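Each chain, letter by letter, is given below.
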Amino acid sequence: MRLLALLLLAGPVLLPSCAQLYSEEQVAKKEAAWQSSSEALKRYQAELEGENAFLSGQVDQLKIALNKQAAVNALEAVAVLDQDFEALRKQIEGIVGRTGDVQYLMGPDGPVLRISDHVLFGSGSATVSKDGAVLLGKLAGSLMENGLAFRVEGHTDNQQVKVQAKQFPRGNLQLSASRAIEVAAVLIEKGLPAERVAVAGYGEWRPVSENSTAEGRARNRRVEIAVITAAGSDGR
């Protein structure tokens, strides 16, 4: 009781506030330290952004260099393929005993080997003949060496399918696609990697000659093996 009375006589006791825990000088030092740390972080961030921009530029230059080298490699491979195709054309013509049935030419997207249908198929048939399989085997050997990709294209004249009309109810488009698939399958069986082979059937819609004459229709009935020189290219 005496202790309580003494406390009451002494008046209210004031506890120090949070603000009074630090002197003004100490608060000022802490604020200066925080400001210095913030500026240091900003400088570090600026350095990182600058380094990132430099690295991005290096990556872009590397991509350009790689694309240029890929283009050079593709051109070199096509140059070698030019020689192989021309040699193969002469070889096939020697086997079939006539000229004009095999042509080597430059298409819109690159080299094309054009083969008349009767060199590979019977009339109205989509099954590669024995002689045709032998020729495609020689062709596969040449195609395997260069690392390029190829598109096998089937083409017909504008005459309706008659010999095996029941087998091809969709007409020339179905016949051309079936022939392209068959040729691609033989090339793959002979060793050409499947991932490097695409297939297209164009029917009568991409003629190279008039369909008004027997000679023109014969030129339109063909299979073409085109080099795919651009990544992702699927049409000519």
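For the structure itself, consult the block above.
Residues numbered from 1 in each chain as written. Predicted model: local features only at pLDDT ≥ 70, side-chain atom pairs only at ≥ 80, totals over all residues. Heavy atoms only, no water.

1. Remarks on the pattern of salt bridges
So the rule is basically this: The working definition used for a salt bridge is a side-chain nitrogen of Lys or Arg within 4 Å of a carboxyl oxygen of Asp or Glu. Each residue is assigned to one of three classes by its accessible area relative to the maximum for its type, calculated with a 1.4 Å probe on protein chains only: buried under 20%, partly exposed between the two thresholds, exposed over 50%.
According to the stated counting rule, one finds 6 salt bridges in the structure shown. A salt bridge links R151 to E153, with the shortest nitrogen-to-oxygen separation between them at 2.8 Å. Of the residues examined, R151 reaches a relative accessible area of 2% and is grouped as buried. Across the pair R222 and E224 runs a salt bridge, and its minimum N-O distance is 2.7 Å. In the salt-bridge network here, residues are joined through shared partners; they are D117, D157, R179 and R221.

2. A closer look at the packing of aromatic side chains
Aromatic ring pairs are reported here in terms of the distance separating the ring centres and the angle at which the planes meet. Rule in force here: Pairing of aromatic rings covers Phe, Tyr and Trp, the last through its six-membered ring, and needs centres within 6.5 Å; plane angles under 30 degrees mean stacked, over 60 mean edge-to-face, and all others mean tilted. Charge-over-ring placement is defined geometrically: NZ (Lys) or CZ (Arg) within 6 Å of the ring centre, and within 35 degrees of the ring normal.
Inspection of every chain in the model, using the stated rule, returns 0 aromatic pairs. The residue whose ring lies beneath R206 is Y202, and the NZ or CZ to ring-centre distance is 4.0 Å.

3. Here we look at the sheet that holds strand β5 (residues 222–228)
Let me state the cut-off plainly: A strand pair is defined by DSSP finding two or more bridges across the two strands. Labels follow the DSSP assignment, with helices taken as runs of H or I lasting at least four residues and strands as runs of E lasting at least two, numbered in each case from the N terminus. Orientation is described by axes fitted as lines to C-alpha atoms, over the contacting stretch for helices, and by angles from 0 to 180 degrees between their N-to-C directions.
Strands sit in the order β1-β2-β5-β3-β4 across an open sheet of 5 strands; the sheet is mixed. The sheet is open, and its two edges are formed by β1 (102–106) and β4 (197–201), each paired on a single side. Here the average twist between neighbouring strands, direction ignored, is 20 degrees. Judged from the 5 bridges that link them, strand β3 (residues 149–155) and β4 form a sheet pairing that is parallel. Following the sheet pairing, R151 is matched in β4 by A198.

4. Regarding the side chain of R196
Where we set the bar: By the criterion applied in these results, polar contacts are pairs of N or O atoms within 3.5 Å in which, for protein atoms, one can donate a hydrogen and the other can accept it, and in which residues neighboring in sequence qualify only through two side-chain atoms.
By secondary structure assignment, the location of R196 is in the loop between α5 (172–189) and β4. There is a polar contact of 2.7 Å between the side chain of R196 and the backbone oxygen of L148.

5. Some thoughts on α5
Each α-helix turn comprises 3.6 residues. Residues three or four places apart therefore point the same way. We count it as follows: Helix span, expected: 1.5 Å multiplied by one less than the number of residues in the helix. Residue contacts are defined here by distance: any two heavy atoms, one from each residue, within 4.5 Å place the two residues in contact.
Its 18 residues give α5 an end-to-end C-alpha distance of 25 Å, which sits within 8% of 26 Å, the value for a rise of 1.5 Å per residue. Those residues of α5 that are buried lie in contact with α3 (117–120), α4 (130–144), β3, β4 and β5. Following α5 by one or two positions, G191 adopts a phi angle in the positive range, close to 120 degrees.

Treat this as a map of the structure, not an account of what it does.
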